[in-house]
Amino acid sequence: MAKKKDPIAEGLHTSAEAYWAAQQSLLADHGYQLRPRYHPNWKPSWKGPWNFIFKDMHECPDWIGLYNRKVIDAVRVEDGGRVVIKRVTLELDNVPLLQHLNSPEMRKDPRNNAVPLLDVIIPPTSNEGKSDHTVFLVMPMLFPLMSWHLPFRHVKEIVDVFEQVIQGVAFLHEHNIAHRDACNLNFMMDPTDVIPSSFHHGDNYYQPDGKTRIEFKDRCSVSRVKYYIIDFEFANYFPNNKLCVGLYGQQKDVPEMSRTVPYDPFKLDVFQVGKLIEKFIKKYEGLDFLQPLFEAMTRQDPKTRPTAAEALDQLRQTVSSLTDSDMSSEIWMKDMTPGLHRLQTLNGTPRPSSRRLLFDGSKCRQLLSQIV
């Protein structure tokens, strides 16, 4: 039997990529330029007869595809800003709620860390005059909260994360909004000052050229980093302590979550954020001081858990007992091997203020296979 060919290696789009390539003209008309890979008549550079520079497709800038089939990165033509465009369904993805959180009145409150909504693009209806209620949301290009190649380095950086995360959830609750998926993958950071070189959305280990490793700085060495909460498809209004039913979010071990027995959606958010704190405690050294907060937020009985506002007060009370030296203490991942340590430093010098990741992809993979 003949071996099935890799469509990317053959210079073909996946079905998700073909969809976005078909939207290139519409998005360009609205001022957003997609990568050359999604332009009309794109030809893979590694297959051209003129290609005498690149050895294989992995060294060509246009080989990197999509990170998420529903999301594509673009450049805003008017100012060169880097954005992402997400395909959503108007009703199912709670677009009106996100628009409300981005209203001028709601944006006045600095506690509001809902992802900024820069634009909403409504595709034209089909030839039959029908619409599938798809819309495109334009948002800033953000970086994942947790990443082994952009590690946290100081206690004060972790404290700032949870100050903003819990405060943002408390803000939602204050307005009777429960997110119901307040988990790791739905918190992201603005990387503007931390990664001056920017990064490739399809593979964030690289700079936009798809070949050069990102350069980054410690979060505490730049202006305060802003953390955002994204993906509001499970979010909803729950006035007057209204309960909910259903299974929601990435965290599957929430004790009260049920398809049939009503439960408090706000205490669900508290539990989910508590599990995120646990994830950091397990991942990094020196965060044991957060253990009592994690335990309180993840109590089995939701009635005994603090509210988000109370959890924020508990965090601040805990932090108030830390000295400046405690806050400035350096932290490392618990599973840090000597090889990974080298991989995250510059020329073998530990913890400089700016680090450049120096290995190419193949060497990096070889190194990881030897040390992990």
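About the thresholds
- Residues numbered from 1 in each chain as written.
- Predicted model: local features only at pLDDT ≥ 70, side-chain atom pairs only at ≥ 80, totals over all residues.
- Heavy atoms only, no water.
- Helix = DSSP H or I, 4+ residues; strand = E, 2+ residues; numbered from the N terminus.
- Buried < 20%, exposed > 50% of the residue type's maximum accessible area, 1.4 Å probe, protein only.
- Pairing = 2+ DSSP bridges.
- Axes fitted to C-alpha atoms, helices over the stretch in contact; angles between N-to-C directions.
- Contact = heavy atoms within 4.5 Å.
- Salt bridge = Lys/Arg side-chain N within 4 Å of Asp/Glu carboxyl O.

Caption draft 1: View of the environment of M57. Its place among the elements puts M57 in the loop between β1 (32-34) and β2 (71-76). Note on M57: relative accessible area 12%, which makes it buried. With 13 residues separating them along the chain, M57 and P44 place their C-alpha atoms 8.4 Å apart.

Caption draft 2: Highlighting the environment of N241. With respect to the helices and strands, the residue N241 is situated in the loop between β11 (236-237) and α6 (265-283). For N241, a relative accessible area of 69% gives the class exposed.

Caption draft 3: Expanded view of the sheet that holds β2. Here 5 strands make up an open sheet; going across it, the order is β1-β2-β3-β5-β4 and the pairing antiparallel. Edge positions in the open sheet fall to β1 and β4 (119-121), since each of these has one partner strand only. Ignoring which end each strand starts from, the neighbouring axes of this sheet average 35 degrees apart. Sheet topology note: the β4/strand β5 (residues 134-140) ladder contains 3 bridges and is antiparallel. For I121, the partnering residue across the bridge sits in β5 and is F136. Strand contacts of helix α1 (residues 15-22): β1, β2, β3 (81-89) and β5, with the helix running at about 110 degrees to β3, the strand carrying the most contacts.

Caption draft 4: Geometry of the sheet that holds strand β10 (residues 227-229). If you trace the 3 strands from one edge of the open sheet to the other, you get β6-β8-β10, paired in antiparallel fashion. A strand with exactly one partner marks an edge of an open sheet, and here the two such strands are β6 (143-144) and β10. As paired elements, strand β8 (residues 187-189) and β10 share 3 bridges and run antiparallel to each other. Bridging across to β10, M189 finds its partner in Y227. Taken strand by strand, helix α5 (residues 155-174) contacts β8 and β10, and its axis lies near 35 degrees from that of β10.

Caption draft 5: Region of the structure containing the pattern of salt bridges. Taken as a whole and judged by the stated rule, the model has 13 salt bridges. Salt-bridge contacts for D73 lead to R35; the nearest nitrogen and oxygen are separated by 3.0 Å. One end of the pair, D73, is in strand β2; the other, R35, is in the loop between β1 and β2, with 38 residues separating them in the sequence. R35 gets classed as buried once you look at its relative accessible area, which sits at 15%.

Read these as layout, nothing more, since geometry by itself doesn't imply function.
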